[in-house]
Amino acid sequence: MQDADLDGLKRWWFTTARIGETKLLISRTGVTGELGFELFVPADEAATVWDALMRAGQDFGLKPYGVLAIFTLGLEKAYPAHGIDMDETRTPFHVGLDRWISSDKGDFVGREALLKIRDTGVDEPLDRADRRRRHAGRGECAGSGRRRGCRRRHYSDHGYSSGKVLATAHLRLPFTQIGTVLSIDIDGAPTRAVVSAMPFFDPDGVRLRASSTQ
C-alpha cells in the first residue's frame, strides 16, 4: 500500500491510499466492533484490490468472511442495523443513538418531532436478550402473566464470541429491566429469553482500541 497517510487516519478516521494503480479511501469505521478498516474502492477495480489484499495477507492468515458474520459480530456489540432493528418508523431515541443528535445546531428536518420524543421518552426501546435455542424467525414475546412485552423480535443468531444465542427486540418499558424473563412464541413453541445488558461482548470497547501486538 503506497501513499497512505496513517497519521491522518489516526486523527481523522479517514485517509487516502493507493494499491497498485488504484486510488482508494480508508476508513476506521465498521460494524463489527473490532479494530478494523474499510476500503472504499471503485467498483470496476474491486476485484484487483481484493486479489492484491489476499496475496499480501496470505502469510498472516488473512481469510475472507461474509455478511452474516458481520451481522453476528454487530449483534454481539448491540449495533442497530437499518432494516433489522430500525426503519423510518423508529427514531434514534428508540435504538440508543440519540447521543448523535445535536438539538442546538439550528433547525433541521424532524427536529421538532425528535425534541418531543426526547422530552416524553419512548415506550419501546431496543433491548437484547439471551435465548435458549437458535431461531432466526419472527416471534411474539410475553412476560409474566402472559402480558405482551415486545411488539416484535428483530434478529437472532448465535454469538460466537459470547457463546450464547442472542436476539434483539423492541420491549415495552415494564419489561426492560436486566434479568427480566421473557417467553418468545416461535411457531407455537415457547422459548425462554432473559433481558441482558448491552452490549453482550466487549462492553468497554477494548477491541476497538487494541494495538497490533494484542
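Use the structure listed above.
Reading the values: the criteria
- Residues numbered from 1 in each chain as written.
- Predicted model: local features only at pLDDT ≥ 70, side-chain atom pairs only at ≥ 80, totals over all residues.
- Heavy atoms only, no water.
- Helix = DSSP H or I, 4+ residues; strand = E, 2+ residues; numbered from the N terminus.
- Buried < 20%, exposed > 50% of the residue type's maximum accessible area, 1.4 Å probe, protein only.
- Areas by Shrake-Rupley, 256 points an atom, 1.4 Å probe, with all protein chains shown as cover.
- Pairing = 2+ DSSP bridges.
- Phe/Tyr/Trp six-rings, centres within 6.5 Å; stacked < 30°, edge-to-face > 60°.
- Lys NZ or Arg CZ within 6 Å of the ring centre and 35° of its normal.

A.B. asks: Help me understand the overall build of the chain in this model?
C.D. replies: Looking only at helices and strands, the chain has four helices and nine strands in total. Listed by position from the N terminus, the elements making up the chain come as α-β-β-β-α-α-α-β-β-β-β-β-β. Looking at the chain residue by residue over its 214 residues, the buried ones come to 36%. If you sum the accessible surface of the chain, you get close to 13,700 Å²; carbon and sulfur atoms cover 55% of it.

A.B. asks: What am I meant to see in the pairing of strand E2 (residues 22–27) here?
C.D. replies: Consecutive residues of a regular strand have side chains that alternate between opposite faces of the sheet. As paired strands, strand E1 (residues 14–19) and E2 are joined by six bridges and run antiparallel to one another. The residue of E2 that forms the bridge with Ile19 is Thr22. The hairpin formed by E1 and E2 contains two residues between the paired strands, and Gly20 there has a positive phi angle of roughly 65°. Note: E2 against strand E3 (residues 38–40), three bridges, orientation antiparallel. Counterpart to Ser27 in the pairing with E3 is Glu38.

A.B. asks: What am I meant to see in the packing of aromatic side chains here?
C.D. replies: Centre-to-centre distance and the angle between the planes together describe a pair of aromatic rings. In this structure the tally under the stated criterion is zero aromatic pairs. The ring of Phe108 carries Lys105 above its face, with NZ or CZ at 5.0 Å from the centroid.

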